[in-house]
Amino acid sequence: MKKYDVIIIGAGPAGSSAAYMLARSKINVLVIDRYPFPRYKPCAGGLTVKTFKSFDFSISKEVKYSTNNVVASYKNKIFHNISGNKTLTKMVERKEFDNFLIKRAVDSGATFLDGTKVTEVVWKDGEFSVKTEEQFFQCNYLIGADGTNSIVNRTFNIVEKDLYGFAIEINCPLSKDNIGKFNMTFDFGTIPNGYLWIFPKDQYACIGAYTTNRKMKDIQKYLFDYIESLGLVPESKELKGHIIPYYGIYYKQPDFPCILVGDAAGFGEYCTGEGIYYAVKSGIIAAEVISSSIKSGIFEYRTLQRRYQKEIIRGLKLAYHIGKFFYSHLPLSFNLLMSYLLGGILYESASRGFTFDQSFSKIHVILSSLLLNKSHISNNKYYK
């Protein structure tokens, strides 16, 4: 049996970010993931500005595609191409990107066990016991970064898993004639309470469907019909699906040193389904609070809750209510959002890396930039 200061279960962006920060602080940290790395991860792989600004190292070698424009459409008929001179999104391949992040943590001093399933977690006498199929570990602090089916959350019932959506996706190879033809696209109105997407990479495009509905019939048909309308052929007929959790808006940190991060905490955004930013951000916050707690000798759980509330939950709650209104009032809400003013605000906010709540609190900064046309934003409307 070996003891660590911190054990992290799950090596996605949340767990890897926490491990990297802790290892840099010379804290003895173990990361365990059930899958051998590199492993496939169903995810569109779009990194928003606020996401890649969160890293203190370069991710340039992992970027497959970068764009300064976005196409928003309604029922694949009415299109708005909003563009400017600032980067909006960088696309990565999650299999490679997640492997890159955990390697950064290992290079900084973290220990990593992949292909290792955690079978039991116990909190007793002020310590955690973590059992795998072959080994047994102990630690003082535990981070659950093991997704929506988190064994950590199942064990300690930190947050109820009662609010979530769903997404499916598939990759479509691009011919030489098609490379560069497709823009980052969101099509609203076709999928009930959600959207279809196109995320171009280097040699292929990730095409997917997102819905805030827990269950929706015919979602596969919607996606394959959309792919056919684009003139593309999917690489297979096997779609990859994943849950988008929103229940993190009700997250309450317990007073013992176990923290959930990323999808395990339910930190998914209702409007867009974005999760990577909140995974990275929560991992960083958890690591910083644990580092401070180790120095003080007392688990600062109230600090963790305050930071989650201010830096994550407040924005997610606002996104949840805005998303409810948006999807319930289509096409009116789409037309309002695609107006020159609101479309410009959306572009400027995203290009600055603002969360939903930051966009409201810094609206004067956004409007000032729009009036001075610093981002050279254009909004071209066309029909199919």
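So, here is what we can say about the structure in this document. The model shown is predicted, which means the values in this text are computed figures rather than measured ones.

Some thoughts on the environment of Lys61
Positionally, Lys61 belongs in the loop between helix H2 (49-52) and strand S4 (63-67). Each C-alpha atom of the pair Lys61 and Tyr277 lies 19 Å from the other, and the pair is 216 residues apart in sequence.

Quick look at the sheet that holds strand S15 (residues 204-211)
Taken in spatial order, the eight strands line up as S16-S12-S15-S14-S13-S5-S6-S18 in an open sheet, and their pairing is mixed. Edge positions in the open sheet fall to strand S16 (240-245) and strand S18 (378-383), since each of these has one partner strand only. The sheet shows a mean angle of 20 degrees between the axes of neighbouring strands, taken without regard to direction.

Concerning helix H10 (residues 340-351)
The first and last C-alpha atoms of H10 sit 16 Å apart over twelve residues, in line with the 16 Å expected at 1.5 Å per residue. Buried residues of H10: Gly343, Gly344, Ile345, Tyr347, Glu348, Ser349 and Ser351, and no others. Positive phi appears at Gly353, one or two residues downstream of H10, with a value of about 80 degrees.

Observations regarding helix H3 (residues 94-107)
With 14 residues, H3 extends 19 Å between its outermost C-alpha atoms, agreeing within 8% with the 20 Å of an ideal straight helix rising 1.5 Å per residue. Just downstream of H3, Gly109 is the residue with a positive phi angle, here 125 degrees.

A short note on the packing of aromatic side chains
Counted according to the given criterion, the structure contains 33 aromatic pairs. Centre to centre, the rings of Phe188 and Tyr195 are 5.7 Å apart; their planes meet at 65 degrees, and the pair counts as edge-to-face. Tyr195 shares its class with Phe188; the two are buried. Here the aromatic rings of Tyr251 and Phe267 are separated by 5.8 Å at their centres, their planes lie at 50 degrees, and the arrangement is tilted. Residue Tyr251 is found in the loop between S16 and strand S17 (258-260), and its partner Phe267 is found in the loop between helix H6 (262-265) and helix H7 (276-296); the two are separated by 16 residues along the sequence. What makes Tyr251 buried here is its relative accessible area of 1%. Judged by relative accessible area, which is 0%, Phe267 ranks as buried. One Lys or Arg, Lys240, reaches over the ring of Tyr40 and ends 5.5 Å from the middle of that ring.

Regarding the sheet that holds S4
Read from one edge to the other, the open sheet built from three strands follows the order S3-S7-S4, with strand pairing classed as antiparallel. Both edges of this open sheet fall to strand S3 (46-48) and S4, since each of them pairs with a single strand only. Adjacent strand axes in the sheet meet at a mean angle of 25 degrees, parallel and antiparallel pairs treated alike. In this structure, S3 lies alongside strand S7 (residues 89-92), joined through three bridges in antiparallel fashion. Across the sheet, Gly46 pairs through a bridge with Met91, a residue of S7.

About the thresholds
- Residues numbered from 1 in each chain as written.
- Predicted model: local features only at pLDDT ≥ 70, side-chain atom pairs only at ≥ 80, totals over all residues.
- Heavy atoms only, no water.
- Helix = DSSP H or I, 4+ residues; strand = E, 2+ residues; numbered from the N terminus.
- Pairing = 2+ DSSP bridges.
- Axes fitted to C-alpha atoms, helices over the stretch in contact; angles between N-to-C directions.
- Expected span 1.5 Å × (residues − 1).
- Buried < 20%, exposed > 50% of the residue type's maximum accessible area, 1.4 Å probe, protein only.
- Phe/Tyr/Trp six-rings, centres within 6.5 Å; stacked < 30°, edge-to-face > 60°.
- Lys NZ or Arg CZ within 6 Å of the ring centre and 35° of its normal.

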